[in-house]
Structures are given as structure tokens and as C-alpha cells.
Amino acid sequence: MQPSDGPTPVRLAATLSHTGALPARPGSDEPARLLDLAVAAEEAGVDQIVLSEHVALPEVVTGHPGARPGDPPTRFPFDAAEVYPEPLVALAAVAAVTSRARLSTNVVIAPLRPAVLLAKMAATVDVISGGRLDLGVGVGWQQDEFAALGVPFEGVGARLEDAVGACRELWRGGPSTFSSDTVSFERMYCSPTPVQPGGIPVWFGGSARPVVARRVAELGHGWSAMGGTAPDDVAAGIALVRSACERVGRDPAEIAVRCSLPPVTRADGSGDLLATVRGAAPFVDAGATVVQLPPLTRFVATAADVGPALRDAVAALRA
């Protein structure tokens, strides 16, 4: 959301997820290294480096994050066997080789972790990175994943909100006390605490729904719109967030909005990165403050191509 005193330049996010099959050089079987890609992204001028998450997936994955009861069966667009680094662990490593770019999860499935452990891990990454973490959280959707971890899928929304509330309390510094239906502790210390004043910014992932808007307004710093959300739906979601902010007496200009750009494909089937970036305009007009590129493997053939491609993307967005 744009602040009232004038427009803020839109920022560019690049995901390093789904790059495990990207070779390090032409004709090589050696995979690209995550940290090399992170350095290339920062040097290219990318504002936010993003990692998504699945802890475990069944061999055949059906459904998708935006599916609703009654929707026809669909196949998950990514291979269940692909590399999915644990995002907070990986971002801690990325923090060691970068110095400027924000680091973000989009999203970490918060109900899969004990809330106090999530608070500790996120705070550790924030300290290591010098205060550069944006914690994107969501409820998850793959019920087999929850079952494999021995975590009930029922009540994930309440557990997400309780986890964020508990994290925010612990990040203030102990002794901390928190009580809810799913998380309770009394006069506990959980160190380190985040570098960022007020704690780590929390972004809620999800579709344009009132429940997501309420979470953003009451507990969050940003809304990360689900991939595939159209500009009109982004605008509708922002309107919901504004209304929710008004109900709790909060300035909606404090809320950031991240949208995923739909990939543009050329006639030969290859991805057109510059056309994809030019497609940011309707999202920015709708109120997006951060636009996220699709997985880089749609646009580049090797790791060596990542830096030049992202430099072109940054220049195109600034133009």
C-alpha cells in the first residue's frame, strides 16, 4: 500500500526456490549453488530474496494452495522430489554471503512448528542477517505433509494466529508470558531477540479473503498475495485490509503488499523475463509494493545467466 505522502518505488523480489535443477554452467550436470544465486541476486539489485517451503510431500501431489472444497482435482505444478531447503536454515546461510537484500520466507508453514521454536529460529536469522528478515507465514494446505509430521491439520488458522502472537511476545525480550488455546508459557526467556525494533515484520500469505485481511491488520506488517492472484483480486484484497485496519485503528499505509507476477511465454515456449516485469504495472496500480518474479528456471538456462537476467529485470522495473 502506498503511503499518503507520495508513491514509494516498487521493490523486486526473486525466489530462489525451484532452482535445484539449474546447472552451474552450460553442459554441466553440477547444480547451481543456492548461495551463488543469492549473491548474484543481490549484486543485480534485487530488493528481497525469497524462499518457499514444503517439509515433505507425497509422491503424487494433488491440489494447490488456493483450492477450495468442490474444486476439480489438479496436479501440483512442481515435482514432489525437487530440492526444498528448509527456508530459515537456508536464509541464515544466505545472510552470511549478502549484506543488503531483505530475506523472506514466502511462506513458512507456521503451524508445522512449535511456536516458541519458530520464534527462536526466526530471531536467530534476524540477528545473523543484521535485521533483514521478513517472516512470511501461512497455514499450509497439504494434509499429507501435516500427517507425516504428526501435526493435526484441523484448527491450523487458530494455531497460525497463536504462533504469531507468541512470537511477537517473545521477541520483546523476557521474561515473556503468553496464553491461548494452542500456545501457553509464563515468564520465559527466548534469546536471542531480533535486531529489528519492534520485532520481525510478519507477512501473512493467502488469498484475498476477510480472514487473511484481519490477520494482516491485527498481527502483520504485510500481505503476500497467493501466486496467481489477478490485479483486480489484489485490489479487492487491499480494500479488505484497509477496512480491517480501520476497525482496529491502524494506518493501512503501514502494510506492505507482495504479488507474484504471472510469467509471459514467447511463441517458442521460452519465458520472456522483460515482458513479465512489464506486466507489473497493473499490480502496482492495484497497490502492490513488492512484485515477485516467477521461478528463475522459466527464464534462464544456467546459473551464469541469473545475474545478467536479474539486472535486466531490475532496470526494467525501475523504468
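Rules behind the numbers
Residues numbered from 1 in each chain as written. Predicted model: local features only at pLDDT ≥ 70, side-chain atom pairs only at ≥ 80, totals over all residues. Heavy atoms only, no water. Helix = DSSP H or I, 4+ residues; strand = E, 2+ residues; numbered from the N terminus. Rg over C-alpha atoms; globule rule 2.2 N^0.38 Å. Buried < 20%, exposed > 50% of the residue type's maximum accessible area, 1.4 Å probe, protein only. Contact = heavy atoms within 4.5 Å. Areas by Shrake-Rupley, 256 points an atom, 1.4 Å probe, with all protein chains shown as cover. Lys, Arg positive; Asp, Glu negative; His and termini not counted. Charge placed at Lys NZ, Arg CZ, Asp CG, Glu CD. Axes fitted to C-alpha atoms, helices over the stretch in contact; angles between N-to-C directions. Parallel < 35°, antiparallel > 145°, perpendicular 65-115°, else oblique. Left-handed = near helix turned anticlockwise from the far one by under 90°. Nonpolar A, V, L, I, M, F, W, Y, C, P; charged D, E, K, R; others polar. Salt bridge = Lys/Arg side-chain N within 4 Å of Asp/Glu carboxyl O.

Trainee: So what's going on with the overall build of the protein? Residues and values would help.
Mentor: Secondary structure summary: the protein contains 10 helices and 11 strands in total. A compact globule built from 319 residues should have a C-alpha radius of gyration of about 20 Å, and the protein, at 19 Å, falls within 12% of that. Oriented by its inertia axes, the alpha-carbon framework of the protein measures out at about 60 × 45 × 45 Å. Out of the 319 residues belonging to the protein, those deemed buried represent 51%. For the protein, the proportion of contacts with a sequence separation of at least 24, taken over those separated by at least 6, is 70%. Surface exposure of the protein reaches about 14,300 Å², of which carbon and sulfur atoms provide 55%. In the protein, which carries 26 positive and 34 negative side-chain charges, the distance between the mean positions of the two groups comes to 3 Å.

Trainee: Run through the packing of helix α6 (residues 210–219) against helix α7 (residues 231–248), naming residues and quoting values.
Mentor: Axes are the key here: two packed helices are described by the angle between their axes and the distance separating the axes. Direction vectors running N to C along α6 and α7 enclose 50°, while the axes themselves pass 8 Å from each other. Here α7 runs oblique to α6, going by the angle between their axes. The hand of the α6/α7 crossing is right-handed. Contacts from Pro210, Ala213, Arg214, Val216, Ala217 and Glu218 of α6 reach α7 at Leu240, Val241, Ala244, Cys245 and Val248. When the residues that make up the contact of α6 with α7 are grouped by side-chain class, the tally is 9 nonpolar, no polar and 2 charged.

Trainee: An account of the pattern of salt bridges is needed here, citing residue identities and associated values.
Mentor: Counted according to the given criterion, the structure contains 12 salt bridges. Among the salt bridges present, the one from Arg172 reaches Glu169, with a minimum N-O distance of 2.6 Å. Taking relative accessible area as the criterion, Arg172 reaches 59% and is therefore assigned exposed. Residue Glu254 pairs with Arg250 through a salt bridge whose shortest N-O separation is 2.8 Å. Connected through shared salt-bridge partners, Glu161, Arg214, Arg215 and Glu218 make up one network.

Trainee: Mind laying out helix α1 (residues 34–44), listing which residues take part and the relevant values?
Mentor: All of the buried residues along α1 are Leu37, Ala38, Ala40, Ala41, Glu42 and Ala44. Residues of α1 that are buried in the fold lie against β2 (48–51), α2 (87–97) and α10 (306–318). Following α1 by one or two positions, Gly45 has its phi on the positive side, about 100°.

Keep in mind these numbers describe shape, not what the thing actually does.
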